[in-house]
Amino acid sequence: MGGNDYHETEGERLGFITRVQSFSACHRLHSKSLSDEENRKIFGKCNNPNGHGHNYKVEVTVRGKIDRVTGMVMNLTDLKKHIEEAIMIPLDHKNLDEDVPYFADVVSTTENLAVYIWDSLVKLLPPGLLYEIKIYETEKNIVVYRGE
């Protein structure tokens, strides 16, 4: 057997698991710190008073040691349950600005949405396991947040 055989390796192996989840929500990009004119200038059509919607796609990635007994970084069933609690229940088919208290005073950009999801998931997952939140707002607009 070569020295690279999994069972003979002294160091632990690190793995990444990504779960993809889609949800639909609407929002209006509008900052209470700016005038209506400034909001229109900065956010353009996304400042429409009636809002607009997105079919968001979120990739939640966890990173950790591959357990020698189970062969897993974490149980995907648990990750799915945490995603349901942190993303689907509070965000799916919601008006982000009106239905999610976090966005009462925070502009509901995709960057801030990634922070919200991170903060929600990090409370549910074992410490240090959450690695990255990647949100596809559209096919061409993608935001990545890693807790920094």
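Residues numbered from 1 in each chain as written. Predicted model: local features only at pLDDT ≥ 70, side-chain atom pairs only at ≥ 80, totals over all residues. Heavy atoms only, no water.

K.L.:
How would you sum up the packing of aromatic side chains? Please name residues and give values.
P.N.:
Per the counting criterion, the structure on display carries 6 aromatic pairs. Seen in terms of ring centroids, Phe 23 and Tyr 56 are 5.0 Å apart; in terms of plane orientation they differ by 20°. Their pairing is stacked. Note that Phe 23 is positioned in strand S1 (residues 14–27) and Tyr 56 in strand S2 (residues 52–65), a separation of 33 residues in sequence. In this structure, Phe 23 and Tyr 56 share a single accessibility class: buried. With a centroid separation of 5.7 Å and 85° between ring planes, the pair formed by Trp 118 and Tyr 145 is classed as edge-to-face. Of the two residues, Trp 118 sits in helix H4 (residues 110–122) while Tyr 145 sits in strand S5 (residues 142–145), which places them 27 residues apart along the sequence. (Phe/Tyr/Trp six-rings, centres within 6.5 Å; stacked < 30°, edge-to-face > 60°. Helix = DSSP H or I, 4+ residues; strand = E, 2+ residues; numbered from the N terminus. Buried < 20%, exposed > 50% of the residue type's maximum accessible area, 1.4 Å probe, protein only.)

K.L.:
A description of the pairing of S5 should follow, citing residues and the corresponding values.
P.N.:
Residues Val 143 and Tyr 145 line the buried face of S5, whereas the alternating positions Ile 142 and Val 144 sit on a face that is not buried. Bridge count for strand S4 (residues 130–136) against S5 is 4 bridges, and the pairing is antiparallel. Within the sheet, the bridge partner assigned to Ile 135 lies in S5 and is Val 143. Between the antiparallel neighbours S4 and S5 lie 5 residues. (Pairing = 2+ DSSP bridges.)

K.L.:
Mind laying out the pattern of salt bridges, listing which residues take part and the relevant values?
P.N.:
In the structure shown here, the tally under the stated rule is 3 salt bridges. One salt bridge in this structure joins Lys 65 and Glu 12, with 3.2 Å as the shortest N-O distance. Here Lys 65 is found in strand S2, whereas its partner Glu 12 is found in the segment before S1, with 53 residues between them in sequence. With respect to class, Lys 65 is no different from Glu 12; both count as exposed. Linking Lys 32 and Asp 105 is a salt bridge whose minimum nitrogen-to-oxygen distance equals 3.5 Å. Of the two residues, Lys 32 sits in the loop between S1 and helix H1 (36–43) while Asp 105 sits in the loop between helix H3 (96–99) and H4, which places them 73 residues apart along the sequence. As far as the burial class goes, Lys 32 and Asp 105 line up, both exposed. (Salt bridge = Lys/Arg side-chain N within 4 Å of Asp/Glu carboxyl O.)

Interpretation in functional terms is not warranted from these geometric data alone.
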